[in-house]
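The lines below spell out each chain.
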Amino acid sequence: FIKLIIMMETEQPPVNAPDPGDETEQFSPASTKFNFFEDANKDDAITKAEQSGDVSDNPPPTKNNAVAVAVPMSSIQHQHQDSPSASKMTRQNMFKLCIGTLILIAIIITAVVLTQEKSPVVDNPPPPHVDFSTGVSLVTSYAIETKVRSRLARTKITMEVANALDCSSIHVISLQLPLDTRITSVKTIADDGCTSRGDVQELKEARENFMEAASNGLPVAYVEVAQDSSTHSLQVAIPPLGTSNVELVLEQLLKQRLDEVTFDIPLAPNEKVDSVVFDLMVEDTSGQPVDFHVDLDVPGVYEPSVGDGGNSTVKTTSAGPIHLDIPDARQHNLPQVIRGKYNPGKLPENGLLYTDGRCFEHFFHPESLAPMPRNFVFLIDKSSSMQYDSKMRSAKQALTLFIDSLTPEDTFTIQSFGNKGTEQLWGSGPGTTEEKEDAKKFVNSMSLSSWDTNLHEAFLEGLLRAKHDASVSDDNVATILVVLSDGYATRGETNRTKIAEHIYELNDEGTVKIYSLGFEGSADMQLLDAIALMNGGVSVPLLRGRDGFAEQITNFLDSELGSVLMSDVNVQYSGASEETKVYGATQNVFPLLADGYEVVVRGLVGESGDDKTLRTITSASTLEGIKNWELSVTPDDMDTVKSSLCFQSYAHDRITQLLRLYDASDFLGNELIKRLVTLSSQKDCDEKEFAKCIRAEALALATEANVVAKGLTAMVTVDDDGCMKVDDDAEVCIDGTTPDGREPARDENDYDYAYGDSYPTAESTAER
């Protein structure tokens, strides 16, 4: 039978003149109790009865002016068989409806086919999170306090959110944060000063706890990472006619690139706020203030100080803090993120090693090495989708700039791909002036091809060319394959597992280092990252809304590959005593080390004997052959701040490493995954379930370190002090609008879409 949606008008008294005899509860557009869902469940039960043919002649009264009912075809015919005009009208309506339905089905099928051609299949997508605000609420104040020390930036955000309605509201705030940033703390502070602190829980559990507290009218906060990894969703439940004060702490792991350490600060959320206060301090590894720069381009907010040369967009401090008070923040176009940087100074030749007896950090960057010659093979995607967002133009601009930096000792090949693995080819040739000029003309002449992307052939043909160059080069030459793409494999071999396996088999000795750049939102970053992991390389997404694509590509090539000092870097750790156990280390094998960059390894130290000395030896290939660097240190457990930073930095780094490997497990077998990582409790892991063991270790570490990780954990405030007073008569705001102006959910199905299966139902409310 055919399901039809029939809008049935019902007679109802005017809203302003309720029927005295009507004992049903009146519906309020501003708020409703959660028995709203109970009514929806009743309607759903009626619908199911009608679908089965068990339909009463007298349908129950309804509060709405229209009701959606699914009925059997035979039922409609029976109801109208005595009326010729009604039957004729029904047939006409049915014909129009069927035609419209067929058109809609054709559109849906076309959309699905097109989507599947460009998008991967996600086996177990996480349940959706709350993505809209309810009621009428406002962020009245927003304060940011950032302290940078060594390679960790810690930012505390304090905000007040006010509710204008006499019902509990949910206010959603989106924060754009760097990819290497983690939320480590969240707490809510009630009007009377009572504080509830955040607890890291698995996603589903955290969402359920948040919605239950919100339905009881409690001040509660919830935060998780969205699927794009750079957006963090903070959801705040505000009591009726009350305020919720929220304190959020986030930490960003920093790295040295081109002799500078850069950091990003979330100055404003993705919405206007009434007032903003900003404080910033930067310290070195010993806790001493250092000079730093921060980009701040807000006319009327910051005036250049003496020594800035009149440039109001760059603030240069003399080892002092920055303080900004912006009470009229809505009148200014504040940037969501501002960037700062400082020079960390030179490391000792053998590196810098710290341990507190529990964890360790090792920074390594020798200054006395000469650059190595390089063999480059550049794979450039020229499929038609590269025309959007100026991606092809950005690629050409960045590649021509990098070609200018090549030396006569370097060789390079440029291979474009699209429908075929090789569409156009230049080289190979040396980095002489004449060859570089010819190569730049070739780059600028590259034109777009078809819509298809043959990643499989492009990688394999590029690898063959790179391996040939390596075979005719000296041992001290680094061979590098650089891939720039914006799509999924849609031509040739499209099975992602086979693509990754074939590339690994061709490059199993690791001769060629693979570096991948993918455009956010269109490139198959999961596949590119897995290939980089398997072949001793690095992958990076090119993000919208930050620096331009051309600048991001240029910065990556210059910092990672600009002047290669070492290749095949291997760092090993041991204790002076045989009882000392070093485990759970982050990445300790690196394909290359460029000038101005640094190797950073973190790990844990177990119980040791009387001699607690930690030792490390670093080996690598250089222009002069293989070299070794040794270093040892005894534990320093007196600096509690430094010790805390050590473990938090380790937790961030290790969780990132483990989740990256877990994502790659879709393409890699257990045997290969085990070559790439050693788990802290690997002996207790079933080899057939190794990928699950990786996720389990990441989850345990995230819980211990109180870290929010994408797709793994979320943080929700819990009642530590017993100050949350449950309101059994609490009402939850239903009206209001979403941040982009859409109407919010108003029925059970919409709430199911927004909240997954975590929203309070009539049954759960009754149980309470």
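Residues numbered from 1 in each chain as written. Predicted model: local features only at pLDDT ≥ 70, side-chain atom pairs only at ≥ 80, totals over all residues. Heavy atoms only, no water.

With that out of the way, let us pick up unusual backbone geometry. A cis amide bond links G427 to the next residue, S428, at an omega of 10°. With respect to the element layout, S428 can be found in strand β23 (residues 424-430). For S390, which is not glycine, the phi dihedral falls at a positive 60°. Topologically, S390 is positioned in the loop between β21 (374-381) and α5 (391-404). Judged by relative accessible area, S390 falls into the partly exposed class, the value being 27%. Notably, D568 is not glycine yet its phi reads approximately 50°, a positive angle. Residue placement: D568 occurs in strand β27 (residues 564-575). Given the relative accessible area of 42%, D568 is considered partly exposed. (Helix = DSSP H or I, 4+ residues; strand = E, 2+ residues; numbered from the N terminus. Buried < 20%, exposed > 50% of the residue type's maximum accessible area, 1.4 Å probe, protein only.)

The next thing to look at is the packing of aromatic side chains. What characterises a pair of aromatic rings is the spacing of the ring centres plus the angle enclosed by the ring planes. Taken as a whole and assessed by the stated rule, the structure comprises 11 aromatic pairs. Summarising the aromatic geometry, the rings of F364 and W629 are spaced 5.2 Å apart at their centres and angled 65° between planes, so their arrangement reads as edge-to-face. Separated by 265 residues along the polypeptide, F364 in strand β20 (residues 359-364) and W629 in strand β32 (residues 625-633) bring together distant segments of the chain. Here F364 falls in the buried class, since its relative accessible area comes to 1%. Clustering of aromatic rings is evident, with ring pairs tying together F376, F378 and F402. It is R151 that lies over the ring of F363; its NZ or CZ is 5.0 Å from the centre. The ring of F519 carries K391 above its face, with NZ or CZ at 5.6 Å from the centroid. (Phe/Tyr/Trp six-rings, centres within 6.5 Å; stacked < 30°, edge-to-face > 60°. Lys NZ or Arg CZ within 6 Å of the ring centre and 35° of its normal.)

Our focus in this paragraph is the sheet that holds strand β6 (residues 169-176). Pairing is mixed in the open sheet, where 11 strands are placed in the order β6-β10-β9-β33-β8-β7-β11-β5-β4-β14-β17. Of all the strands in the sheet, just β6 and β17 (322-326) have a single pairing partner and so form its edges. Neighbour-to-neighbour, the strand axes of this sheet turn through a mean angle of 20°, independent of strand direction. Running at roughly 155° to strand β9 (residues 220-225), helix α4 (residues 203-215) makes contact with β6, β8 (195-202), β9, β10 (231-238) and β33 (713-718) of the sheet. (Pairing = 2+ DSSP bridges. Axes fitted to C-alpha atoms, helices over the stretch in contact; angles between N-to-C directions. Contact = heavy atoms within 4.5 Å.)

The next point concerns the pattern of salt bridges. With the rule as written, the count across this model stands at 24 salt bridges. For K147, the salt bridge is made with E283, and the minimal N-O distance between the two is 3.7 Å. Of this pair, K147 sits in strand β4 (residues 137-149) while E283 is found in strand β14 (residues 276-283), placing the two residues 136 residues apart along the sequence. A salt bridge links D264 to R339, with the nearest nitrogen and oxygen atoms 2.9 Å apart. A residue pair is termed long-range when its members are at least 10 positions apart, and D264 in strand β13 (residues 260-266) and R339 in strand β18 (residues 337-342) qualify at 75 residues. (Salt bridge = Lys/Arg side-chain N within 4 Å of Asp/Glu carboxyl O.)

Position of A489 among the secondary structure elements: in the loop between β24 (478-485) and α8 (496-506). Distance from A489 to A523, taken between C-alpha atoms, is 9.4 Å for residues 34 residues apart in sequence. Beyond its immediate stretch of four places on either side in the chain, A489 contacts T453, L455, T494 and I499.

In a packed pair of helices, the relevant descriptors are the angle between the two axes and the axis-to-axis distance. At a minimum axis separation of 9 Å, helix α9 (residues 525-534) and helix α11 (residues 640-664) run at an interaxial angle of 110°. One finds that α9 runs roughly perpendicular with respect to α11. Judged by residue contacts, Q526, D529, A530, A532 and L533 of α9 engage R660, L661, D663 and A664 from α11. Class assignment for the residues of the contact of α9 with α11 results in 5 nonpolar, 1 polar and 3 charged. (Parallel < 35°, antiparallel > 145°, perpendicular 65-115°, else oblique. Nonpolar A, V, L, I, M, F, W, Y, C, P; charged D, E, K, R; others polar.)

A word on a negative patch on the surface. Taken together, the side chains of D199, E202, E205, E208 and E212 make up a negatively charged region of the molecular surface. For the negative patch, the leading source of residues is α4, giving 3 residues. Position of D199 among the secondary structure elements: in strand β8. Residue class for D199 comes out partly exposed when judged on its relative accessible area of 32%. (Patch = residues over 30% accessible without salt bridge, like charges linked within 9 Å, V, L, I, M, F, W, Y side chains within 5 Å. Areas by Shrake-Rupley, 256 points an atom, 1.4 Å probe, with all protein chains shown as cover. Lys, Arg positive; Asp, Glu negative; His and termini not counted. Charge placed at Lys NZ, Arg CZ, Asp CG, Glu CD.)

Ranked by size, the top nonpolar core spans 56 residues in total, and within it F459, L481, I503 and I694 carry the most contacts. The greatest single-element share of this core, amounting to 9 residues, is contributed by α11. For I694, the residues in contact, after removing those within four places along its chain, are L658, L661, Y662, I673, V677 and L679. (Core = buried A, V, L, I, M, F, W, Y, C linked by side-chain atoms within 4.5 Å.)

The subject of this paragraph is the state of the cysteines. Under the definition given, this model contains 2 disulfides. Two residues share a disulfide in this structure: C359 and C646, whose sulfurs sit 2.0 Å from each other. A residue pair is termed long-range when its members are at least 10 positions apart, and C359 in strand β20 and C646 in helix α11 qualify at 287 residues. For C359, a relative accessible area of 0% translates into the label buried. Look at C646 and you get buried, because its relative accessible area is 0%. Shown here is the disulfide that connects C685 with C693, its sulfur atoms set 2.0 Å apart. (Disulfide = S-S within 2.5 Å.)

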